[in-house]
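Spelled out from the first residue to the last, the chains are:
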Amino acid sequence: MVFRVVLFSLVLSIISATKYYSPEGDISEESGALVQMPILCPPGSALLGFKMEDGTVENTLRWAYDCYESDLIDLKGEKVLFTPWNKTDSEIIWVDRHLMECEDGYVLRGFQMEKVRTELSRFRYNCYPMKTVECQKDLPISTNWYEIDGKVTSLKLASVNSFCDNCPLKGVQMFMKYPTTALRYNRWRYEWCLAHDEF
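Residues numbered from 1 in each chain as written. Predicted model: local features only at pLDDT ≥ 70, side-chain atom pairs only at ≥ 80, totals over all residues. Heavy atoms only, no water.

**A short note on the nonpolar core**
Counting residues in each nonpolar core, the largest one holds 37 residues, and the members touching the most others are Leu34, Leu47, Phe50, Trp63, Phe111, Leu155 and Trp188. Listing elements by their share of this core, those giving two or more residues are strand E4 (45–54), strand E5 (60–70), strand E9 (106–116), strand E10 (120–129), strand E15 (169–177) and strand E16 (185–195). Setting aside its immediate chain neighbours within four residues, Leu34 contacts Met52, Trp63, Ile92, Val95, Gln112, Met113, Phe123, Val152 and Leu155. With 12 residues, the next largest nonpolar core counts Ala46, Tyr68, Ile73 and Tyr128 among its residues. (Core = buried A, V, L, I, M, F, W, Y, C linked by side-chain atoms within 4.5 Å. Buried < 20%, exposed > 50% of the residue type's maximum accessible area, 1.4 Å probe, protein only. Helix = DSSP H or I, 4+ residues; strand = E, 2+ residues; numbered from the N terminus. Contact = heavy atoms within 4.5 Å.)

And the structure:
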């Protein structure tokens with residue numbers, strides 16, 4: 001019993017979650033505002049969740065996001081990956097074409113949209129290898145559907161939240177549906193992992 005208490009205290013000492021904020025993006029840029037708003041957890045940290053909110057300056061937006069810091073993360077093995085270039089315009093609906101998913105044994109550190117001219121976009125995303133991590137295969141979680149108007153401010157309506165302070169995200173993607181030409185809905189789909197000690 002004493003061993004279990006000591007071990008639990010050790011695990012708590014190497015695990016912590018902290019809130020961060022992205023740089024602020026100009027609403028007038030519409031989907032291009034996402035280029036100005038990178039989410040990137042500090043070295044040795046993985047992404048737990050995120051939500052778009054109003055910035056501190058009028059007509060701006062920013063991401064509020066939570067990061068999980070742990071000694072189980074391997075800094076040396078970080079991978080920088082990209083979704084394929086795809087068609088885009090000012091409307092946020094084009095974001096649903098991009099799946100940001102780390103391979104098994106890796107967790108998501110952050111992501112950022114990149115654009116070429118005005119017609120093409122992709123997402124850059126970072127993945128960290130993590131020791132003793134169990135990822136939930138074939139069990140993606142989705143937020144509720146919410147109606148959008150095509151503007152980037154629509155993304156404030158939903159947030160992605162992991163289940164616990166040591167459950168970093170493995171992948172994330174925005175989904176769209178169009179029940180009629182007048183109605184458009186959006187939601188986030190995401191996968192998560194459970195990190196635990198080696199003993």
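Having seen the structure, we can now continue with the description.
**So, the pattern of salt bridges**
Applying the stated criterion to the full structure yields nine salt bridges. Here Arg62 makes a salt bridge to Glu53, at a shortest N to O gap of 2.6 Å. You can call Glu53 partly exposed: its relative accessible area is 25%. Between Glu114 and Arg122 there is a salt bridge, with the nearest N and O atoms lying 2.9 Å from each other. Residue Glu114 is classed as partly exposed on the basis of its relative accessible area of 21%. A relative accessible area of 19% means that Arg122 is categorised as buried. Through salt bridges with shared partners, one network takes in Glu101, Asp104 and Lys170. (Salt bridge = Lys/Arg side-chain N within 4 Å of Asp/Glu carboxyl O.)

**As for the state of the cysteines**
Per the stated rule, a full pass over the model turns up two disulfides. Residue pairing for Cys41: its cysteine sulfur links by disulfide to Cys67, the two sulfurs lying 2.0 Å apart. Handedness of the Cys41-Cys67 disulfide follows from its S-S torsion of about -85°: it is left-handed. Linking Cys41 in the loop between strand E3 (39–40) and E4 with Cys67 in strand E5, this pair joins segments that are 26 residues apart in sequence. Using a relative accessible area of 1% as the deciding quantity, one classes Cys41 as buried. The disulfide bridge from Cys102 ends at Cys127, spanning 2.0 Å between sulfur atoms. (Disulfide = S-S within 2.5 Å.)

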